[in-house]
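Chain residues, written in single-letter form:
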2 protein chains.
Amino acid sequence: MISVVLIGAGNVATHFYKVFQNADNILVTQWYNRQLNNISTYKNNVDITDDLNALKPADVYIIAVSDDAISEVSKALPFQDRFVVHTSGAASLYDIDKKHRRGVFYPLQTFTKDADVDFSKVPLCIEALVKEDLKLLVTLAETINSTWYKISTEQRKTLHIAAVFANNFTNQLYRISHEITESDQIEFDVLKPLILETAKKIQNMSPYMAQTGPAVRGDKKTVRKHLKRIKNPQHKALYKLLTDSITDTHGRKKL
Amino acid sequence: MISVVLIGAGNVATHFYKVFQNADNILVTQWYNRQLNNISTYKNNVDITDDLNALKPADVYIIAVSDDAISEVSKALPFQDRFVVHTSGAASLYDIDKKHRRGVFYPLQTFTKDADVDFSKVPLCIEALVKEDLKLLVTLAETINSTWYKISTEQRKTLHIAAVFANNFTNQLYRISHEITESDQIEFDVLKPLILETAKKIQNMSPYMAQTGPAVRGDKKTVRKHLKRIKNPQHKALYKLLTDSITDTHGRKKL
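Numbering of residues begins from 1 in every chain and follows the order in which that chain's sequence is written. Key to labels: chains lettered from A, ligands numbered from 1, both in the order written. In keeping with the model being predicted, local features are shown solely for residues with a pLDDT of at least 70 and side-chain atom pairs are shown and tallied solely at 80 or more, while totals for entire chains, interfaces and linings include all residues. In computing side-chain values, all of the structure's heavy atoms are included and hydrogens and water are not.

Put simply, DSSP H or I for four residues or longer makes a helix, DSSP E for two residues or longer makes a strand, and each gets a number counted from the N terminus. From N to C terminus, chain A includes nine helices and eight strands. Taken over the C-alpha atoms alone, chain A extends approximately 70 × 40 × 30 Å along its principal axes. Residue burial is assigned from relative accessible area. The probe radius is 1.4 Å, only protein chains are included, and a residue is buried under 20% of its type maximum, exposed over 50%, and partly exposed in between. Counting over 255 residues, chain A shows a buried share of 58%. Restricting the contact set of chain A to residue pairs at least 6 apart, pairs at least 24 apart contribute 52%. To measure how exposed things are, a 1.4 Å probe is used in the Shrake-Rupley method; for residues, cover is taken only from the protein chains shown. Total accessible area on chain A is roughly 11,600 Å²; 46% of this is exposed by carbon and sulfur atoms. Charge counting treats Lys and Arg as positive and Asp and Glu as negative, with His and both chain ends excluded. Throughout, a charge is located at the NZ atom of Lys, the CZ atom of Arg, the CG atom of Asp or the CD atom of Glu. Seen as two clouds, the 34 positive and the 28 negative side-chain charges of chain A have centres 11 Å apart. Any pair of residues with heavy atoms lying within 4.5 Å of one another is described as a contacting pair.

The next point concerns the domain arrangement of chain A. Residues and elements named next belong to chain A. Domain parsing of chain A yields domain 1 (2–151) and domain 2 (156–249). In this document the domain limits rely on a domain assignment from an automatic tool or a database. Computed from C-alpha atoms alone, the centre-to-centre distance between domain 1 and domain 2 is 36 Å. On the side of domain 2, five residues touch domain 1, which itself brings 14 residues to the contact. When two parts are put together, the accessible area they lose, computed with a 1.4 Å probe and summed over both, is reported as buried area. Between domain 1 and domain 2, the buried area comes to about 680 Å², and carbon and sulfur atoms account for 61% of it. Salt-bridge detection follows one rule: a side-chain nitrogen of Lys or Arg within 4 Å of a carboxyl oxygen of Asp or Glu. At the surface where domain 1 touches domain 2, the tally comes to one salt bridge. The shortest N-O distance in the salt bridge between Arg156 and Glu127 comes to 2.8 Å. Polar contact criterion, stated in full: a pair of N or O atoms within 3.5 Å, where within protein one must be able to donate a hydrogen and the other to accept it, and residues adjacent in sequence count only if both atoms are side-chain atoms. Applying the counting rule to domain 1 against domain 2 returns three residue pairs in polar contact (both at pLDDT 80 or more). Elements that contribute at least two residues to the side of domain 1 that touches domain 2 include exactly β6 (101–107) and β7 (124–128).

Looking at the secondary structure, you find Thr181(A) in helix α4 (residues 153–183). A relative accessible area of 0% places Thr181(A) in the buried class. Excluding its chain neighbours within four sequence positions, the residues that come into contact with Thr181(A) are Ile186(A), Phe188(A), Leu191(A), Leu159(B) and Ala162(B).

This part covers the packing of aromatic side chains. For Phe, Tyr and Trp, rings pair up if their centres lie within 6.5 Å, where Trp contributes its six-membered ring, and each pair is then called stacked (planes under 30 degrees apart), edge-to-face (over 60) or tilted (otherwise). Counting across every chain of the model gives 21 aromatic pairs over all chains. A ring pair is formed by Tyr61(A) and Phe79(A), whose centres lie 4.6 Å apart and whose planes are at 40°; its orientation type is tilted. Pair noted here: Tyr61(A) is in strand β4 (residues 60–63) and Phe79(A) is in the loop between α2 (70–76) and β5 (83–86), with a separation of 18 residues, a long-range link. Judged by relative accessible area, Tyr61(A) falls into the buried class, the value being 0%. Taking the relative accessible area as the measure of exposure, Phe79(A) reaches 9% and is therefore buried. Centre to centre, the rings of Tyr17(B) and Trp31(B) are 4.6 Å apart; their planes meet at 25°, and the pair counts as stacked. On the criterion of sequence distance, the pair formed by Tyr17(B) in helix α1 (residues 11–21) and Trp31(B) in strand β2 (residues 26–32) is long-range, its members being 14 residues apart. When its relative accessible area of 3% is taken as the criterion, Tyr17(B) is described as buried. Judged by relative accessible area, Trp31(B) falls into the buried class, the value being 0%.

Before going further, it helps to spend a moment on the packing of helix α8 (residues 220–229) of chain B against helix α9 (residues 233–249) of chain B. For any two helices packed against each other, one specifies the inter-axial angle together with the distance between the axes. Residue and element names in this part refer to chain B. Between N-to-C directions, angles cover 0 to 180 degrees, with each direction set by a line fitted to C-alpha atoms, over the stretch in contact for helices. Where α8 meets α9, the closest approach of the two axes is 9 Å, and the angle between their N-to-C directions is 160°. Taken as axis vectors, α8 and α9 run roughly antiparallel relative to one another. The handedness of the crossing between α8 and α9 is left-handed. Residue-level inspection shows Val223, His226 and Leu227 of α8 in contact with α9, the latter providing Lys236, Tyr239, Lys240 and Thr243. In terms of residue class, the contact of α8 with α9 is made up of three nonpolar, two polar and two charged. When an angle is under 35 degrees it counts as roughly parallel; over 145 it counts as roughly antiparallel; between 65 and 115 it counts as roughly perpendicular; any other value is oblique. Definitions for this section: a left-handed crossing has its near helix turned counterclockwise from the far helix by less than a right angle. A right-handed crossing has that turn clockwise. The nonpolar class holds Ala, Val, Leu, Ile, Met, Phe, Trp, Tyr, Cys and Pro. Asp, Glu, Lys and Arg form the charged class, and all remaining residues, Gly among them, are polar.

What follows is the structure, encoded as structure tokens:
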């Protein structure tokens, strides 16, 4: 049995609370938040507190607060030599006060409030300085059916940039296609199955192998027609830059 | 019962053949290809031919050949006033010879050879000059459980550009995140669930509402840290341009 104290009341803390409550070998000993009313819904199921001095012993303390607050909260914990982790993709392991045994338990996924989370589809990036602590995080991840990856603080910084490309920037391309369809009275819905299939395709095939379209074909005529037709200068600049990126990747001449 | 003659032996023609064969109210009267051996596997199930002069009467002739060949093939058909459509996203309806009743039956999806296609997830963009012909395409689409959209030739040109952003360019962002993860010995697999979730999210929410991350938060500190860390100049340029695009979309100050 792994005992856990949760700290924070945001999306990540709440989703962890729910999945831990349903796991056989995990006990949420306590849930702390600065403001009790954010977690008071759960008071009949778990010991809640807004007093750091009232924190109970546990195998791991999970700090799921905003990046800027991690350092301060970890410092304010009135004990030392216990295992304390944060859940952030951007913060360093060393943001946790050095009086603790430190670690990271970062779920790499986009969470929607209210919607239930299937943790078997949430990769967990784990890090710890002590071997036994790492083992505990592995067990924690496996108990909630997550796939885990050992990722260092430096790697996590790189991974965060890759996630910005794969998630935020990809979503902005969806937004741009939405703008383009709307500009010509076409329903954006017509593109949704294609968007889903594009994401599904690379689950079993490298993006390199999955590439199609005018740029990878070297179809200069179509690229020119498209550039002529795109009026928005930002869309045009992106079209050019992404086309160059594709031709570079595939060793083709610039179009 | 709608009778169909298929022309061409590529991915699109083959997938249409399979779904039409399984539909109750569609009869594939004949399948033409310049080279018989490409379709000879099916000779026991359908009348195959490599002779345009042997083409039988049908309610609709579906030309599923490369864009450049549409005009020539339609001209070579030894009849007139019959209903002839092509399946291309980029070609004009007017690429079909004007001796025919003309139309377009364009499946907006990325097809993988061999993998079976679920046409309920393939939007069909249809166009025809005569009302009755359009009605036939609607029936054809509905018979194979596809959602159809009436899209003009001009709209289809716009849609093709939007699809390049939503599919090819999105896939290139996946490729770039692959490069970024590999550069730091991180498995690309860790990003795959995020990629899938990002595509799923916009099925029921606008990309505008779905946006998250440093750019939309106006998180200057993180954007600067990322730009400092990205070494590849093309990745850097894309990061800047896509961040600008997000801040513009959401009416935020440039970061």
